Amino acid sequence: MAEVIMPKMGDAMTEGKVLRWIKQQGEAVQVGEALAEIETDKVNVELPADEAGVLAQILVPEGQTVPVGQPIAIIARPGEAAGEAPSAPERPLAAAAPPAPTRAAPKEAPQRVPPEERIKASPLARRLAREHGIDLAEVQGTGPEGRITKEDVEAHLARRAAAAPAPAAPAPIPAAVPPVTEEVPLSRMRRTIARRMSESKQQAPHFYVTVEIRMDEALSVRRQLNEALGDKVVSVNDLIMRAAALALRAYPNLNASFSGEAIRRHGEVHLGFALALPEGLIVPVIRHCDRKGVVEIAREAADLAERARQGRLRPEELQDATFTVSNLGMFEVESFTAIINPPQAAILALGSAQPRPVAEGATVRVAHVMKATLSADHRVTDGAEAARYLGEVRRLLENPVLLVADLSAGEAPPLRRRDNT
Amino acid sequence: MAAVTTYREALRATLMEEMDRNPAVVLLGEDIGVYQGTFRITADFLSRYGPRRVIDTPISELGFIGAAIGMAMLGLRPVVEVMTWNFSLLAADQILNNAAKLRYFSGGQVEVPLVIRGPNGAGVQLSAQHSQSLEAVYAHFPGLQVALPATPADVRGLLLTALRGQDPVIFLENAALYGVKGEVPDGDAAIPFGRAEVMRGGRDVTLIAYSRMVHLALAAAEHLAREGVEAEVINLRTLRPLDGETVIHSVRRTHRAVVVQEQWKPFGAAAEIAALISEEAFDLLDAPVERVTGADVPMPYARNLELLALPHERDIVAAARRTLYRQ
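Fair warning: this is a prediction, and the values are worked out from it, not measured in the lab. (Residues numbered from 1 in each chain as written. Chains lettered and ligands numbered in written order. Predicted model: local features only at pLDDT ≥ 70, side-chain atom pairs only at ≥ 80, totals over all residues. Heavy atoms only, no water.)

1. Some points on the overall build of chain B
Heads up, the rule is: Labels follow the DSSP assignment, with helices taken as runs of H or I lasting at least four residues and strands as runs of E lasting at least two, numbered in each case from the N terminus. Throughout, a residue-residue contact means that at least one pair of heavy atoms, one from each residue, lies within 4.5 Å. Areas reported here follow the Shrake-Rupley algorithm with a probe of radius 1.4 Å; residue values treat only the protein chains shown as occluding.
When helices and strands are tallied, chain B shows 12 helices and 14 strands. A sequence separation of at least 24 residues applies to 82% of the contacts in chain B between residues at least 6 apart. Of the roughly 13,600 Å² of accessible surface on chain B, 55% is carried by carbon and sulfur atoms.

So, in structure tokens, the structure goes:
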């Protein structure tokens, strides 16, 4: 017999939720085959089997959260008793032991309704569901053993109200939700965001520096690249990420974290990019971003974003970012300030590239101007350094040939900090 | 005008007021006269009212409670002090088979307007046979009324009602509360039996308690408020009659209930109240009714173990959190 335990996926993970059992009791499993889907702080991951055999017993039902390290299932290896008798999966452990006396029957024995069909709900939740015409099977329970509570039903109602069709098509009567203040329970992701962002704002003294960057050249290079590639592969954000990563090489204090006793300057540039999902914010990471070309960054970012939307990111794809880029340009935002993602030292917030009149000598012409705002941790760096870094990002984006040139392969960093500027 | 006084003073003042007003009120009990009372509730009563109205009894609960029942049947209004309620067990037959049933047996011809009062529940290291809470025992029997004041105002209000009613009243004080201060309204502040008091309003969970546990529940509510949980605290004041209406009214709004008692858990007052809530408000419950009770052991003598065996404020906070599905 081999125990399957709740794995620790990431340093901050203390517990995980079994979202779904992909394999059922009695089913054969191969090494590496997905057993279950696990929800961690940020992502849903598939849990692969470490042992081949038969999934002899599921110890943790769907929807339940358990601490890291707790057994959640048992796999019977080939040749072991439960493997030979998969038809009696509920008592795999007893197989090797002498039969228990009949009086000491397992307490679950006289169950008439299969567990997956019995919905646990508080009386109030049942009543609310009845009043609003909700099928409890559609409601996710958050109480003990997945018990559906009043809050769960209310959250379901709120979601249904949010997803209701536009007013032009009148909703069926039961969808009427009284205009009351709703308490929406915190999702795991929301809870994590709340905690980490509060910590950041409380602990890291933020300061902000904003520059304007003319993006006409970068937009043009992007257009040329995509025409050459025959597809919309490269986004403005990919060019920005490339620029942000390259510029970090020259300003290691911004590619750093504050440990209380020291400043840890990271040897690698792992660039996180903020991505909005319906359930909240997620920051996938492009590793060694300063050593990757624009197209490579673009392909990797697109792949990460697509899998993030499907909830298929691996935990390591969300870890170890040394710097973060957050872009709200697609929402026509002029500029904003972001909260540093701890323990990183800085985050770059980008608005949209908007056509603006700009003075050039004595004439005025229209240029696409993007505002870039760096939030930095004053424990680690100072305003002048932040300004120089932003100046480098601007130089790269305004001279985008530097972004597409193969500058990353050489041994010596081609970009040097110009301390006398 | 309301005056601030102690639980003990409220007992003394109310007894005196009724003795002054009504010459039929007489006191009986061990050491209540010459010795001034074990807990000094009746200090100076002997010199003030004389030995015909303040009667020191032999050490025989069966005898003097039986005598008091006879006095009550014949028109007096005796108030018996039991040194602790544990000793009332010696007179259980008199209380349960005579006092509680005489009106019923006589078809309403005979009334027993008797008050038996004294400290109930755990004190400080009084050990297993002197620390018991007997309210559920007495509240079980029809024919008795069971009052448990939590505050000086309760003492005055409930004792006035007890001294003016026509039925035997089990008046359960708490020794740990004798020094507790509170406002007592002037004038005729009689509190009808069967009327609970909402001591603190709240919308998230209802904490139901009586006697000393009310103070724990209030402290727990204060603690919960700091976590953003608004707990409503109900002081039942009498267990028989029981004010189910106030309890149900509250639980209908909060959807969650925690019942607190000092007694052992099995077959206690909290079980009765939890069952009542299930019967009357089942469809409005969002979580099982929680009980916070004493440990299911004879009271230990050692102080550290005694404290562990008694309900604590943090137990109430934890139970309230469970009803809210918070850990």
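2. Quick notes on the pattern of salt bridges
If the charged atoms of two oppositely charged side chains come close together, the side chains can form a pair. Definition in use: What counts as a salt bridge is simple: a side-chain nitrogen of Lys or Arg found within 4 Å of a carboxyl oxygen of Asp or Glu. Between buried and exposed lies partly exposed: a residue is buried under 20% and exposed over 50% of the maximum accessible area for its type, with that area taken using a 1.4 Å probe on protein chains only.
Scanning all chains against the criterion turns up 47 salt bridges over all chains. Among the salt bridges present, the one from Asp377 of chain A reaches Arg379 of chain A, with a minimum N-O distance of 2.7 Å. Residue Arg379 of chain A is classed as partly exposed on the basis of its relative accessible area, which comes to 32%. Here Asp286 of chain B makes a salt bridge to Arg256 of chain B, at a shortest N to O gap of 3.3 Å. Note that Asp286 of chain B is positioned in the loop between helix 10 (269-281) and strand 14 (290-294) and Arg256 of chain B in the loop between helix 9 (244-254) and strand 13 (257-264), a separation of 30 residues in sequence. On the basis of relative accessible area, Arg256 of chain B is assigned to the buried category, the value being 7%. Within the structure, one salt-bridge network assembled from shared partners comprises Asp303, Arg307, Arg314, Glu316 and Glu317 of chain A.

3. What to know about the sheet that holds strand 4 (residues 34-39) of chain A
Residues and elements named next belong to chain A. Cut-off, in case you're wondering: Note on pairing: DSSP must find at least two bridges between two strands before they are called paired. Only the contacting stretch of a helix is used when fitting its axis, a line to C-alpha atoms as for every element, and angles between N-to-C directions run 0 to 180 degrees.
Reading across the sheet, the four strands line up as 5-4-2-7 and stay open at both edges, with antiparallel pairing between neighbours. The open sheet has two edge strands, strand 5 (44-48) and strand 7 (65-67), and neither has a second partner. Across the sheet, the axes of successive neighbouring strands diverge by a mean angle of 40 degrees, strand direction being ignored. Bridging between strand 2 (residues 15-21) and strand 7 involves three bridges; their strand directions are antiparallel. If you follow Gly16 over to strand 7, its bridge partner there is Val66.

4. So, helix 1 (residues 7-21) of chain B
Defined as follows: Residue count minus one, scaled by 1.5 Å, sets the expected span of a helix.
Here helix 1 of chain B contains 15 residues, and its C-alpha end-to-end distance of 21 Å stays within 8% of the 21 Å for a straight helix at 1.5 Å per residue. Among the residues of helix 1 of chain B, those classed as buried are Tyr7, Ala10, Leu11, Arg12, Thr14, Leu15, Met16, Glu18 and Met19 of chain B.

5. Here we look at unusual backbone geometry
Looking along the chain, the bond that leaves Pro342 of chain A and enters Pro343 of chain A is cis, with omega of 5 degrees. On the secondary structure map, Pro343 of chain A appears in the loop between strand 16 (323-327) and strand 17 (346-350). For Asp44 of chain B, which is not glycine, the phi dihedral falls at a positive 75 degrees. Relative to the elements of secondary structure, Asp44 of chain B occurs in the loop between strand 2 (25-29) and helix 2 (45-49).

6. Structural notes on the packing of aromatic side chains
Here is the rule: Stacked, edge-to-face and tilted labels apply to pairs of Phe, Tyr and Trp rings (six-membered ring for Trp) whose centres lie within 6.5 Å, assigned for plane angles under 30 degrees, over 60, and everything in between, in that order.
Counted under the stated rule, the structure contains six aromatic pairs over all chains. Pairing Phe39 of chain B with Tyr178 of chain B gives two aromatic rings, centres 5.4 Å apart and planes at 50 degrees, and the pair type is tilted. Linking Phe39 of chain B in the loop between strand 2 and helix 2 with Tyr178 of chain B in the loop between strand 7 (169-173) and strand 8 (181-185), this pair joins segments that are 139 residues apart in sequence. Exposure remark for Tyr178 of chain B: the relative accessible area of 2% places this residue in the buried category. Chaining the aromatic ring pairs together yields one cluster made of Tyr251, Phe323 and Tyr389 of chain A.

7. A few points about the confidence of the model for chain A
All names here are of chain A. Applicable threshold: A residue's pLDDT is the confidence the predictor assigns to it, expressed on a 0 to 100 scale.
Across chain A, pLDDT averages 81, with 83% of residues at or above 70. Ranking the elements of chain A by mean pLDDT puts helix 1 (residues 81-84) last with 48 and strand 17 first with 96. Low pLDDT, under 50, characterises residues 83-113; the stretch is placed with 22 contacts to residues that sit more than four places away or in other chains. Note on residues 408-416: pLDDT is under 50 here. Beyond four places in sequence and across chains, it has 11 contacts.

8. A word on the environment of Glu46 of chain A
Residues and elements named next belong to chain A. Checked against the element boundaries, Glu46 lands in strand 5. When the C-alpha positions of Glu46 and Trp21 are compared, they lie 9.6 Å apart, and in sequence the two are 25 residues distant. What Glu46 contacts, discounting residues up to four positions off in sequence, is Ile22, Ala34, Ala36, Glu37 and Arg312.

9. As for the packing of helix 6 (residues 236-250) of chain A against helix 7 (residues 294-309) of chain A
All names here are of chain A. This is how the line gets drawn: The scheme is simple: roughly parallel for angles under 35 degrees, roughly antiparallel for over 145, roughly perpendicular for 65 to 115, oblique for anything else. Should the near helix be turned counterclockwise from the far one by less than a right angle, the crossing is left-handed, whereas a clockwise turn marks it as right-handed. Amino acid classes used here: Ala, Val, Leu, Ile, Met, Phe, Trp, Tyr, Cys and Pro are nonpolar; Asp, Glu, Lys and Arg are charged; the rest, including Gly, are polar.
Their axes nearest at 9 Å, the elements helix 6 and helix 7 cross at an angle of 120 degrees. Classified by the interaxial angle, the pair formed by helix 6 and helix 7 is oblique. The element helix 6 and its partner helix 7 pack so that their crossing is right-handed. In this structure, helix 6 uses Asp238, Leu239, Met241 and Arg242 to contact helix 7, whose residues at the interface are Val294, Ile297, Ala298 and Ala301. When the residues that make up the contact of helix 6 with helix 7 are grouped by side-chain class, the tally is six nonpolar, no polar and two charged.

10. With respect to the interface of chain B and chain A
Worth spelling out the cut-off: Buried area: the sum, over both parts, of the accessible surface (1.4 Å probe) that disappears when the two are put together. Pairs of N or O atoms are called polar contacts if they sit within 3.5 Å, as long as, within protein, a hydrogen donor faces a hydrogen acceptor (for residues adjacent in sequence, only side-chain-to-side-chain pairs).
Listed by partner, the interface residues are 11 residues for chain B and 13 residues for chain A. Both faces combined, the contact of chain B with chain A buries some 920 Å², and carbon together with sulfur accounts for 57% of it. Three residues stand out in chain B for area buried against chain A, namely Asp283, Asp286 and Tyr325 of chain B, and they jointly supply 53% of the buried area on that side. Inspection of the region where chain B meets chain A yields zero salt bridges. Here chain B is connected to chain A by four residue pairs in polar contact (both at pLDDT 80 or more). Looking at side-chain class alone, the side of chain B that touches chain A contains six nonpolar, one polar and four charged residues.

11. Examining the pairing of strand 7 of chain B
Residue and element names in this part refer to chain B. Here is the rule: Whether a crossover is right-handed comes down to one check: with the strands pointing away from the viewer, does the path from the first strand over the helix to the second run clockwise; if it does, it is right-handed.
With five of five residues buried, strand 7 is to be regarded as a mostly interior element. Here strand 7 shows two buried faces, one formed by Val169, Phe171 and Glu173 and the other by Ile170 and Leu172. Bridge count for strand 5 (residues 115-119) against strand 7 is five bridges, and the pairing is parallel. Following the sheet pairing, Ile116 is matched in strand 7 by Ile170. Sheet analysis places strand 6 (residues 145-147) next to strand 7, joined by three bridges and oriented parallel. Bridge pairing in strand 7 links Val146 to Ile170. One crossover worth recording links strand 6 to the parallel strand 7 by way of helix 7 (residues 152-164), and it is right-handed.

12. Re helix 10 of chain B
The terminal C-alpha atoms of helix 10 of chain B, which comprises 13 residues, lie 18 Å apart, in line with the 18 Å expected from a rise of 1.5 Å per residue. Lining the buried residues of helix 10 of chain B we find helix 6 (135-139), strand 10 (205-209), strand 12 (238-240), helix 9, strand 13 and strand 14 of chain B.

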